[in-house]
Amino acid sequence: MDPRITRIQTKLAALPATEKAVLGPPLTEAQISEFEDGHDVRLPEEFRRFLIHVGHGGYGPAYGLLPMEGWVVRRTGRGGLAASFPIVPDQDIPEGPVDRTEFADAFPGTITVVDRGCSDRTLLVVTGPGRGRLVEVNTEGFFAPRFHTDSDFLSWYERWLDFVLTGHRNLHRFADQMSGDETRLVATLLDDERPTRRRAAACTFITHPALSGDLPGTLSRALIAEPHPAVREAILRALAAQGDQGRDLLVTALADPVPGVRALAAILMTEPTAQGWRLAARRREVLRRHLANETDHLVRDSMRRALNL
């Protein structure tokens, strides 16, 4: 048996009662085969093992794992589950809305494993180059499909349990994050060739509960060296999540060549307090100086909003 199955069972048992970590009973091989025969597919092996040895539907991200009857409640496009989901994982960070003529409510070769609410879904690819991987989609096309970093369903589900057990400060960013301690995440952020993984590492620092005092300096150095704007934006959010020490380092991004990055840095320099949002005096002065030389009107608007708190 896959050792991850045993680890998952142990971690489920270790969850506090407040989590209400209840899964439906496992499925039989015959039940799974009936579904597969009806859709002319074979489910990814790691997902099959979970269904047979751990459970079926119930505890998981957002509103939990869907039972079998919820896997195919939307259109799956021409060819259904047997048709290939065409997107290749990890090629680049998808940006902007999806082309509605190709997708939006029709994602061939996938089943829905989590309904995250509104029109957001987590899908499992059963046919195509991303077979076995989880992909985040919006059925109305508000953002392009983006793959989770996990290699398969068991790794994805175990990461969810790890995030809960270690006390991540917020689980709403789970889809954009990855597993690993600070050392591993820093190595990914600094050295991985794939921007999708560098971004995931940066996003994980936003909620990670156990980080060192050296991290803000490391993030600042990564920010300067990072070539991809979307990864730089994630690093900015990670810096802001580290408190005053991190927010003070955001000033570096006010000279970024991409207006959107400069605008985000200006907004993130502010911080929430019991009395409302606040901009520290030292950051206010820096922002005023940059405003005087800023030429992009959208960035100027962001800077003014931050200064007028």
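Residues numbered from 1 in each chain as written. Predicted model: local features only at pLDDT ≥ 70, side-chain atom pairs only at ≥ 80, totals over all residues. Heavy atoms only, no water.

Engineer: Can you lay out the overall build of the protein for me, pointing to particular residues and giving the numbers?
Structural biologist: For the protein, the helix and strand inventory stands at twelve helices and six strands. By the compact-globule yardstick of 19 Å for 309 residues, the protein fits well, its C-alpha radius of gyration being 21 Å. Residues counted as buried form 52% of the 309 residues belonging to the protein. With an accessible surface of roughly 14400 Å², the protein has 52% of that area assigned to carbon and sulfur atoms. (Helix = DSSP H or I, 4+ residues; strand = E, 2+ residues; numbered from the N terminus. Rg over C-alpha atoms; globule rule 2.2 N^0.38 Å. Buried < 20%, exposed > 50% of the residue type's maximum accessible area, 1.4 Å probe, protein only. Areas by Shrake-Rupley, 256 points an atom, 1.4 Å probe, with all protein chains shown as cover.)

Engineer: So what about helix α11 (residues 281-293)? Which residues, and what values?
Structural biologist: The terminal C-alpha atoms of α11, which comprises 13 residues, lie 19 Å apart, in line with the 18 Å expected from a rise of 1.5 Å per residue. Those residues of α11 that fall on the buried side of the exposure criterion are R283, R284, V286, L287 and L291. Down the axis, α11 shows its buried residues gathered within 165 degrees of arc, on one side only. Along α11, exposed side chains directed more than 90 degrees from the buried face belong to A281, A292 and N293. At its buried positions, α11 is contacted by α9 (244-248), α10 (259-268), β5 (271-273) and α12 (297-307). (Expected span 1.5 Å × (residues − 1). Arc of directions from axis to C-beta. Contact = heavy atoms within 4.5 Å.)

Engineer: So what's going on with the packing of aromatic side chains? Which residues, and what values?
Structural biologist: Summed over all chains, the structure comprises twelve aromatic pairs. Between F35 and W71, the aromatic rings sit 4.9 Å apart at their centres with planes inclined by 90 degrees, giving edge-to-face as the arrangement. Here F35, found in helix α2 (residues 29-39), pairs with W71, found in the loop between α3 (45-53) and β1 (110-117); they are 36 residues apart in sequence, far enough to count as distant. Both residues of the pair, F35 and W71, belong to the buried class. (Phe/Tyr/Trp six-rings, centres within 6.5 Å; stacked < 30°, edge-to-face > 60°.)

Engineer: Quick one: what's the story with the pattern of salt bridges, residue by residue and with numbers?
Structural biologist: Pairs can form between side chains of opposite charge whenever their charged atoms are close. Per the stated rule, a full pass over the model turns up 30 salt bridges. Between R4 and D152 there is a salt bridge whose closest N-O contact spans 2.8 Å. Here R4, found in helix α1 (residues 3-14), pairs with D152, found in the loop between β4 (146-147) and α4 (153-166); they are 148 residues apart in sequence, far enough to count as distant. One exposure class covers both R4 and D152, and it is buried. Of the charged contacts in the structure, one is a salt bridge between R197 and D192, with a shortest N-O distance of 3.2 Å. Judged by its relative accessible area of 15%, R197 is buried. Judged by relative accessible area, which is 15%, D192 ranks as buried. (Salt bridge = Lys/Arg side-chain N within 4 Å of Asp/Glu carboxyl O.)

Engineer: Explain the sheet that holds strand β3 (residues 134-138) residue by residue, including any values.
Structural biologist: Strand order in the open sheet formed by four strands is β1-β2-β3-β4, and the pairing between neighbours is antiparallel. Two strands close off the open sheet at either side, each with one partner strand: β1 and β4. Taken together, the five bridges between strand β2 (residues 120-125) and β3 define a ladder with antiparallel strand orientation. Bridging across to β3, R121 finds its partner in V137. (Pairing = 2+ DSSP bridges.)

Engineer: I'd love a proper account of the pairing of β3, names of residues and values included.
Structural biologist: Within β3, five of the five residues are buried, which leaves it mostly tucked inside the rest of the structure. Alternating residues of β3 divide into L134, E136 and N138 and V135 and V137, and every residue in both groups is buried. Bridge count between β3 and β4: two bridges; the pairing is antiparallel. Paired with E136 across the bridge in β4 is R146.

Engineer: Explain the pairing of β1 residue by residue, including any values.
Structural biologist: Burial analysis of β1 places six of its eight residues in the buried class, which makes it a mostly covered element. Bridge analysis of β1 against β2 gives six bridges, and the strand direction is antiparallel. Directly across from T112, in β2, lies its bridge partner L123. Adjacent in sequence and paired antiparallel, β1 and β2 are bridged by two residues, among which C118 carries a positive phi angle near 55 degrees.

Engineer: Help me get a handle on α10, residues and values and all.
Structural biologist: In terms of burial, α10 is largely enclosed, as seven of its ten residues are buried. Those residues of α10 lying buried are V261, R262, A263, L264, A265, A266 and L268. Residues of α10 that are buried in the fold lie against α8 (229-240), α9, α11 and α12.

Engineer: A description of the environment of V251 should follow, citing residues and the corresponding values.
Structural biologist: As for its placement among the helices and strands, V251 is situated in the loop between α9 and α10. Taking the C-alpha atoms as reference points, V251 and S179, separated by 72 residues in sequence, lie 29 Å from one another. Excluding its chain neighbours within four sequence positions, the residues that come into contact with V251 are M269 and V286.

Engineer: Account for the nonpolar core, naming residues and giving values.
Structural biologist: Within the largest apolar cluster, 41 residues are counted, with the highest numbers of intra-cluster contacts made by L189, F205, L219, I235, L236, L254 and L287. Elements that contribute at least two residues to this core include exactly α5 (182-191), α6 (195-207), α7 (215-225), α8, α10, α11 and α12. Here the element with the most residues in this core is α8; it accounts for eight residues. Excluding residues that lie within four positions of it along the chain, L287 makes contacts with L254, A266, M269, L279, M303, A306 and L307. Counting residues in each nonpolar core, the second largest holds 34 residues, with I8, L27, L65 and F153 among its members. (Core = buried A, V, L, I, M, F, W, Y, C linked by side-chain atoms within 4.5 Å.)

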